[in-house]
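Residue-level structural notes
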Amino acid sequence: MLLKVVTAIAAGIVAWLVYFVRDLISKRRKLAGLPQPPMKNLLLGHLEIAAECQTVFPRGVHSHVWADYIREKWKLPETFYVDWRPVGPLWLFIADPELSGEFITTKQSLPKSQLETDYLELFLGKNNMVSVEGSHHKSLRMMFNPGFSANNIMTYADAIVEASLRFFDVLEKKAKSNELFEMEEYATRLTIDVIGVAVFDADLQAQKGLHPIVQHFRERVQIMPAADRPFFWQDVQPTRPFRLWWNNRKLNAAVDAELNKKIQRRAKDLEDEAGGIVKRKKKSIIDLALNTYEKEMAMGQNIQSGDSINRITDSSAVPAALRQDLIDSIKTFFFAGHDTTSSALSWCYYLLHRYPETQRRLTAELDGFFPPGTSTAQKIRQDPYIINKLEYTTAVLKETMRIFPSASTLRQLKSKYPANHTNFTDPRTGTQITLEDTHIWPAVYLINRNKRIFPRPMEFIPERFLPDRTPFPDADLFKPAGKNAFQPFSVGPRNCIGQELAMIEAKIVLALTARELDFVLEFPGEEADPQPPIPESSAAEVSEETEYGRGVREGRITPKVIEGHRVWQTLKGSAKPAGGCPGRVYLRRRG
Ligand code: HEM
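Predicted, not measured: the structure shown is a model, and the values here were computed from it.

**Let's talk about the overall build of the protein**
Counting its secondary structure elements, the protein contains 20 helices and 10 strands. What you see for the protein is a C-alpha radius of gyration of 26 Å, in line with the 25 Å of a compact globule of 591 residues. Within the protein, the fraction of its 591 residues that count as buried is 40%. Of all intrachain contacts in the protein linking residues separated by at least 6 positions in sequence, the fraction that spans at least 24 positions is 75%.

Here's what the structure looks like:
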């Protein structure tokens, strides 16, 4: 009897395996003739290439680096497939911003890929704004848009100045003690201080010590499945579900507590305003979201203008669905906003030291607006809109985010959200591209290395964004084809709600620190400021033609560098600097 059962199970497994393999091979055959790297074996797909990428690049590198390597090495067009099935997805990479806008993100905006939504729902909750779709997304966006508007963000300039001055003090102390530290850690604390003010109008004092929200968030990042291990079996942890659940309880309680405090402060403000005592100019994102919610409710109940609308003045009066939306959204703002901006700042300091001429030009611009001997902080407080005039500073930040983009969007066809186009013709190659069964990655990293739009893409040239100073006036960036080519914040209806905050914050931080401080990259136990040569591409860097490439392929050299940068990108929620961007900071002597 037992033998019969075992035989039946074995036969079932064999039949399933045969079916699975035949199905996989038939799916791969359908890809024949489409743009993709060579596939030597229909069973393995492109997994052989994954093995090569694991050899030539440092462990933990962001997979968009692999995608760029594959495109460069096999001279693939701007739209191409990579098949990691059955251990990963069938990817459709798009490095053409026009096609991506037309069919993926803007004119036709496809739903987010399940790879992205599964991760974010586990991390942030089901109501997080990055992954919800349809009417739920529209209502969240409508509720939160007013708080993120450029004009409202300007009212936080004062608080951003304050946070930047605290950041400067921290770095000044480190310069004086010559401490080796991770820049990203301290830039992150700065951005948390800013988010605390913007979201709740609360001083979280993150630069002094870790606020519970931040503490629980960090714990959560550690517990989450690692996004940088290509194969799931490299990261199995049986206790993970329980640890995530426990951490979620603590995190939600900490966010809830801050939300309740905010609602109490708002109740007091409303009372004061009603009594004509004060009218505060600065409104937090939660204040404005509640205002919008209350107005919507009033419209739903047909309350005429002039009648007083019901205000939420007590946390027990917040309906459960709204509370969940608010809690998940607050977590989303912390997640999406803090390490993206801090990574951009960390890389910016690194690049400014590496490109002294750019540093000099940045200093010249800042000196023009904030002459030495005057208080930059005071001037920004008096006239925050002066920040919008810093063209070169903006170009430096854009160029930093071009080389080191923090995030991208992943999309997928989903039957619940029917699409008008499930395929398109790539006009450059005439190939019919199907979107079916793929995870679509209009990878900002690839777009940013597209030579039509950004010539000499490996080089740090902020002037390329300034039409009157660009060395590349004929680049597609300045043609209709390049209209939305620069998209570190994504484009279309799912673009980044926090982009104004990020840019205004980063510019204020640079205005208050970049002239005084010089950050020099130094990995513990390694020589400071290594400055490896900048290659033509990552594929050229590790090709067998170079001593370095031969060395890593033969196992003589441990790969540490990508595109000439020792501080490359690793995926931890967003793309972050490897090792936290370690180094020392020096006070600049100004002549
Ligand atoms: C340098 C800084 C930042 C970068 C590079 C960045 C980048 C992005 C990108 C690429 C997306 C699209 C993601 C996707 O489609 O899956 C996005 C969405 C989003 N970002 Fe940012 N972001 C930054 C700062 C911020 C800040 C400061 C906040 C808020 C405090 C924020 C909040 C969000 C939210 C809520 C979304 C989802 C928007 C929606 O789907 O409607 N981001 N961001």
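Next comes the rest of the description.
**Describing the nonpolar core**
If you look at the biggest cluster of nonpolar residues, it comprises 130 residues, and the most contacted ones within it are Phe93, Cys348, Ala443 and Ile508. For this core, the two domains that each supply at least three residues are domain 1 (2–113 + 408–494) and domain 2 (137–407 + 495–530 + 566–587). When neighbours within four sequence positions are excluded, Phe93 is seen to be in contact with Ala67, Phe80, Val82, Trp441, Ala443 and Leu446.

**Details of the site of the ligand**
Taken together, 26 residues surround the ligand, and among them Gly337, Thr340, Thr409, Cys496 and Gly498 come closest. Counting only elements with at least two residues in the shell around the ligand, the list comes to helix 13 (320–354) and helix 18 (499–513). Tallying contributions element by element places helix 13 first for the shell around the ligand, with 7 residues. Among the residues forming the shell around the ligand, the class breakdown is 13 nonpolar, 9 polar and 4 charged. When we break the shell around the ligand down by domain, the ones giving at least three residues each are domain 1 (2–113 + 408–494) and domain 2 (137–407 + 495–530 + 566–587).

**Some remarks on the sheet that holds strand 1 (residues 79–83)**
A sheet is described by the order of its strands in space; here 3 strands give the open sequence 1-2-6, paired in mixed fashion. The sheet terminates laterally at strand 1 and strand 6 (439–441), the two strands that pair on one side only. If you compare each strand with its neighbour and ignore which way they point, the axes differ by 25° on average. Across 3 bridges, the pairing between strand 2 (residues 90–94) and strand 6 is parallel. Each residue of the ladder has a partner; that of Trp91, found in strand 6, is His439.

**Section: the domain arrangement of the protein**
Assigned domains within the protein: domain 1 (2–113 + 408–494) and domain 2 (137–407 + 495–530 + 566–587). The C-alpha centroid of domain 2 is placed 30 Å from the C-alpha centroid of domain 1. Listing elements by their share of the side of domain 1 that touches domain 2, those giving two or more residues are helix 3 (63–73) and helix 17 (444–447). Along the lines of polarity and charge, the residues of the side of domain 1 that touches domain 2 split into 17 nonpolar, 8 polar and 3 charged.

**Topic: the sheet that holds strand 3 (residues 181–182)**
If you walk across this open sheet you meet the 3 strands as 3-10-7, and the pairing is antiparallel. In this open sheet, the two edge strands, each paired with only one partner strand, are strand 3 and strand 7 (517–521). As defined by bridge partners, strand 7 adjoins strand 10 (residues 582–587) across 5 bridges and the pair is classed as antiparallel. For Val520, the partnering residue across the bridge sits in strand 10 and is Arg584.

**Description of helix 5 (residues 114–124)**
Structural remark: α-helix, 3.6 residues per turn; residues separated by three or four positions point the same way. Along helix 5, the residues that are buried comprise Thr117, Leu120, Phe123 and Leu124. Take helix 5 and look down its axis: the buried residues cluster within an arc of 135°, on one side only. On its buried face, helix 5 is in contact with helix 10 (212–223) and helix 13. Where helix 5 terminates, the next one or two residues include Gly125, which has phi positive at roughly 110°.

**Brief notes about the packing of helix 16 (residues 391–403) against helix 18**
It is at 10 Å that the axes of helix 16 and helix 18 come closest, and there the two elements cross at 115°. In terms of their interaxial angle, helix 16 and helix 18 are classed as roughly perpendicular. In terms of crossing hand, the pair formed by helix 16 and helix 18 is right-handed. Where helix 16 approaches helix 18, its residues Thr393, Thr394 and Leu397 are matched on the opposing element by Met503, Ala506, Lys507, Leu510 and Ala511. The residue makeup of the contact of helix 16 with helix 18, split by class, is 5 nonpolar, 2 polar and 1 charged.

**Some remarks on helix 16**
In this model, helix 16 (13 residues) spans 18 Å end to end at C-alpha, consistent with the 18 Å of a helix rising 1.5 Å per residue. By the criterion of burial, helix 16 is predominantly enclosed, with 11 of the 13 residues buried. Listed as buried for helix 16 are Tyr392, Thr393, Thr394, Ala395, Val396, Leu397, Glu399, Thr400, Met401, Arg402 and Ile403. Buried residues belonging to helix 16 abut helix 13, helix 14 (356–369) and helix 18.

**Structural notes on the UniProt feature "transmembrane region" (unreviewed entry) in the protein**
With numbering matched to this structure, UniProt assigns "transmembrane region" (unreviewed entry) to residues 6–25. With 100% helix and 0% strand, residues 6–25 has end C-alpha atoms that lie 28 Å from one another.

**Quick notes on the pairing of strand 5 (residues 431–434)**
Across 4 bridges, strand 4 (residues 423–426) lies against strand 5 in antiparallel orientation. Bridge assignment links Phe424 to a residue of strand 5, and that residue is Ile433. Counting the residues that bridge the hairpin from strand 4 to strand 5 gives 4 residues, and of these Gly430 lies at a positive phi of roughly 75°.

**Structural notes on the pairing of strand 9 (residues 574–577)**
Both strand 8 (residues 569–572) and strand 9 contribute to a ladder of 4 bridges, which runs antiparallel. If you follow Thr570 over to strand 9, its bridge partner there is Lys576. In this antiparallel pair of consecutive strands, strand 8 and strand 9, the connection spans 1 residue, and Gly573 shows a positive phi of 85°.

**What to know about the environment of Arg29**
Of note, Arg29 is situated in helix 1 (residues 2–30). Overall, Arg29 belongs to the exposed group, with 9 C-beta atoms counted inside 10 Å. The spatial distance from the C-alpha of Arg29 to the C-alpha of Val132 is 35 Å, given a sequence separation of 103 residues.

Quick notes on the rules
Residues numbered from 1 in each chain as written. Predicted model: local features only at pLDDT ≥ 70, side-chain atom pairs only at ≥ 80, totals over all residues. Helix = DSSP H or I, 4+ residues; strand = E, 2+ residues; numbered from the N terminus. Rg over C-alpha atoms; globule rule 2.2 N^0.38 Å. Buried ≥ 20, exposed ≤ 12 C-beta atoms within 10 Å, placed from the backbone. Contact = placed C-beta atoms within 7 Å. Core = buried A, V, L, I, M, F, W, Y, C linked by C-beta atoms within 7 Å. Domains from an automatic or database assignment. Near = placed C-beta within 6 Å. Nonpolar A, V, L, I, M, F, W, Y, C, P; charged D, E, K, R; others polar. Pairing = 2+ DSSP bridges. Axes fitted to C-alpha atoms, helices over the stretch in contact; angles between N-to-C directions. Arc of directions from axis to C-beta. Parallel < 35°, antiparallel > 145°, perpendicular 65-115°, else oblique. Left-handed = near helix turned anticlockwise from the far one by under 90°. Expected span 1.5 Å × (residues − 1). UniProt positions renumbered as here; feature names shortened; annotations may be inferred.

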